[in-house]
Structure formats: C-alpha cells, structure tokens
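# Descriptive structure summary
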There are 2 protein chains.
Amino acid sequence: MDKFVLDERLARDSVLLVHLGLCELRLINDCRWPWLVLVPKRPGVSEVFELTPLDQAVLTFEQNTVAAALKSATGATKINVAAIGNIVRQLHVHVIARMEGDANWPGPVWGHGTAAPYGADERRALQQKILEALHS
Amino acid sequence: MDKFVLDERLARDSVLLVHLGLCELRLINDCRWPWLVLVPKRPGVSEVFELTPLDQAVLTFEQNTVAAALKSATGATKINVAAIGNIVRQLHVHVIARMEGDANWPGPVWGHGTAAPYGADERRALQQKILEALHS
C-alpha cells in the first residue's frame, strides 16, 4: 500500500495543530478567517465517497467535533464545511468560522483575495484556544 | 416538536427529486452546473453538528451515496460537497458536479453570476439520469 504524504500546497499554506485518529488537523495561515482543514491520512483519495464506510463515519465524527469546537472557540455566526478539491486533489475538508461582516461575507472564502498570514503570537493564541475547545 | 418546513428560498430555487430517509434531495434550477442539495427534514437545525449522532451518520451515508451517483451520472471531474448556510440558515448540503472549464472553474459556484434556469426537457433528462444512477 502507498504511504500517505501530505500535499505540498496544503503543507505550505497551513500548520499542523494535532493528529486525530483519521485526519491531520491543520490551521490555514490566513488571519482573515479562523480556517481549519482536516486531511484524512489515506493515500490516493480525492472524494469522501472513495473512503471506506468506516473511514467515512470516522471523518464525520472528527469533522463535527472540530466544527463544534471551532464554533465554541471563536463564537462564529456560522461554520462553513466543505470538500471541494478542484485545485488540490488530495482529499481535505475545510472547516471555517464565519462572522457576520468578515472578508467576503456572506460569500465563500475560496478564491477571495490573497491570504493575510498571522503574526506568530496571534497564531499561537488561536491554536491554543482551538485545542482547548477540542479537548474540553 | 416543531414540524419541518422547507425554507422558502430553497423551495424557490430548486425542485424535489426524491425523499430519502433523512433528507429531501433537490435539484437547483441552474443549468451552469449539475447541482443538488440535501435538506435534512429536521426543524431548527443550522449546523451538521447540531443533528443527533444517528442523523449525522445517516446524512453522511445519503450525502456520499448521492455524490457517487452524481459523479457517475455526469462524468464530473470533481464533486464539491459543502454545508455553508451563511444566507439560508436551514441546514442544507450542496453536492455539485464540476467539470474542468465550467463556469468559474476551479473557483466555487456560490455567489458566482446569476442562475441560468433549465429548459423543461433538459431538466427532466438530467433528473432521470441522476435518479437512475441513484437506484443502480
């Protein structure tokens, strides 16, 4: 069996928060929105329905746990969850905290403008907050 | 318990294909992309993680069954799956067939231009094809 290797673009655009059972949980380095991605550690998969039924169930669990934690950590108006992958084909699921009036609200985040990287302290504080919500 | 009533905007923008166990499966009336929405028939729910764990599992099953059928019915390059809901808050999951070079490819479909309604024959033919793929 092939080994899972994280896509180069995902690696460049995000930092690892924690390894969950199935997925790497990563934070996109763009302070315009608190934006997580879950990447199932399975090689050669592009669509959720290509995962085994068990992996699909585990992904649902991890995704919903992360979404609830992100909502509680940020007080988001709405969580946006999506598996798109038109550009990066390695399966990855976006979980994004949206606030009324944020960049491009109520439109989508994908393809909007250019990323605004976090300052190091700001990023560490957000990571801490999300991990605490995830473990509470 | 409140009764489930389909959101007015979803009702206006889409037509019913079939009732699944949990969801209404509907086709968005926009011929730029083969675009389905799954609407869980549960009142007062905005986020996937607000569903009961059983409903979350059933939604995953219905969503992935529909996504695989849409891919096989259309020969899509990539299926886009998303629960956004920044505008319409009633929980609904988009399942969209994307083809290389389609409108706004590889960007997202949400908020792009204005809907181009189907002709009646064209819509019936697509519905038929999707339902056949779903039942095969």
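Because the structure is predicted, anything quoted here is derived from the model rather than measured.

Right, let's get into the packing of aromatic side chains. Each aromatic ring pair is characterised by the separation of its centres together with the angle its planes make. Residue and element names in this part refer to chain B. Enumeration over the complete set of coordinates arrives at three aromatic pairs over all chains. When the ring of Trp33 is compared with that of Trp35, the centres are 5.8 Å apart and the planes differ by 65°; the resulting orientation is edge-to-face. Residue classification places Trp35 among the buried residues on the basis of a relative accessible area of 9%.

With that settled, the discussion passes to the side chain of Gln56 of chain A. Residues and elements named next belong to chain A. Within the fold, Gln56 resides in helix α2 (residues 53-74). For Gln56, a relative accessible area of 12% translates into the label buried. Side-chain polar atoms of Gln56 contact the backbone oxygen of Leu51, separated by 3.0 Å.

What follows covers the interface of chain A and chain B. The interface of chain A with chain B comprises 28 residues on the first partner and 28 residues on the second. When the two sides are added together, the surface that chain A and chain B hide from each other amounts to roughly 2,500 Å², 55% of it contributed by carbon and sulfur. Looking only at chain A, the three residues that lose the most surface to chain B are Phe49, Lys78 and Asn86 of chain A, adding up to 25% of its buried area. In this assembly, chain A and chain B are joined by two salt bridges. Here Glu47 of chain A ties to Lys78 of chain B by a salt bridge, and the two come within 3.0 Å at their closest N and O atoms. The tally of links between chain A and chain B comes to 19 residue pairs in polar contact (both at pLDDT 80 or more). Of all the elements in the fold, those that place two or more residues in the side of chain A that touches chain B are α2 and β4 (78-83) of chain A. Along the lines of polarity and charge, the residues of the side of chain A that touches chain B split into 14 nonpolar, nine polar and five charged. Relative to strand β4 (residues 78-83) of chain B, β4 of chain A is paired through three bridges, and the arrangement is antiparallel. Bridge assignment links Ala82 of chain A to a residue of β4 of chain B, and that residue is Ala82 of chain B.

Once chain A has been moved 0.0 Å along the axis and rotated by 180°, it coincides with chain B to within an RMSD of 0.0 Å. Such a turn and shift between the copies fits a two-fold axis. For chain A, the residue whose C-alpha comes nearest the rotation axis is Ala82 of chain A, separated from it by 2.0 Å. The share of interface residues of chain A whose copies in chain B are also at the interface is 100%, consistent with both copies meeting through the same surface.

What follows concerns the UniProt feature "domain: HIT" (unreviewed entry) in chain A. Sequence positions flagged by UniProt for "domain: HIT" (unreviewed entry) are, in local numbering, residues 36-105 of chain A. The span residues 36-105 of chain A carries 31% helix and 24% strand; its end-to-end C-alpha distance comes to 18 Å.

A few words now on the nonpolar core. Counting 32 residues, the largest nonpolar core has Leu17, Leu25, Leu36, Ile79 and Val95 of chain A as the members making the most contacts within it. Of all the elements in the fold, those that place two or more residues in this core are β1 (14-19), β2 (23-28), β3 (35-40), α2, β4, β5 (93-98) and α3 (120-134) of chain A. No other element matches the six residues that α2 of chain A contributes to this core. In this structure, Ile79 of chain A is in contact with Ala67, Leu70, Lys71, Val95, Ile96 and Ala97 of chain A together with Glu47, Phe49, Ala83 and Ile84 of chain B, ignoring residues within four places of it in sequence. Of all hydrophobic cores here, the second largest spans 31 residues; its members include Leu22, Leu25, Val45 and Val66 of chain B.

Here we take up the sheet that holds strand β1 (residues 14-19) of chain B. With antiparallel pairing, ten strands are arranged side by side in an open sheet as β1(A)-β2(A)-β3(A)-β5(A)-β4(A)-β4(B)-β5(B)-β3(B)-β2(B)-β1(B). Bordering the open sheet on either side are β1 of chain A together with β1 of chain B, each of which pairs with just one other strand. Going across the sheet, the axis of each strand differs from the next one's by a mean of 25°, ignoring polarity. One ladder, built from five bridges, connects β2 of chain A with β3 of chain A; its direction is antiparallel. Bridge assignment links Cys23 of chain A to a residue of β3 of chain A, and that residue is Pro40 of chain A. Against the sheet, α3 of chain A engages β1, β2 and β3 of chain A, with an angle of about 25° to β1 of chain A. Packing against the sheet, helix α3 (residues 120-135) of chain B makes contact with β1, β2 (23-28) and β3 (35-40) of chain B, and its axis sits at approximately 25° to β1 of chain B.

Rules used in this analysis
Residues numbered from 1 in each chain as written. Chains lettered and ligands numbered in written order. Predicted model: local features only at pLDDT ≥ 70, side-chain atom pairs only at ≥ 80, totals over all residues. Heavy atoms only, no water. Phe/Tyr/Trp six-rings, centres within 6.5 Å; stacked < 30°, edge-to-face > 60°. Buried < 20%, exposed > 50% of the residue type's maximum accessible area, 1.4 Å probe, protein only. Helix = DSSP H or I, 4+ residues; strand = E, 2+ residues; numbered from the N terminus. Polar contact = N/O pair within 3.5 Å; in protein donor to acceptor, adjacent residues only side chain to side chain. Contact = heavy atoms within 4.5 Å. Buried area = accessible area lost by both parts, 1.4 Å probe. Salt bridge = Lys/Arg side-chain N within 4 Å of Asp/Glu carboxyl O. Nonpolar A, V, L, I, M, F, W, Y, C, P; charged D, E, K, R; others polar. Pairing = 2+ DSSP bridges. Least-squares fit on C-alpha atoms with pLDDT ≥ 70 in both. UniProt positions renumbered as here; feature names shortened; annotations may be inferred. Core = buried A, V, L, I, M, F, W, Y, C linked by side-chain atoms within 4.5 Å. Axes fitted to C-alpha atoms, helices over the stretch in contact; angles between N-to-C directions.

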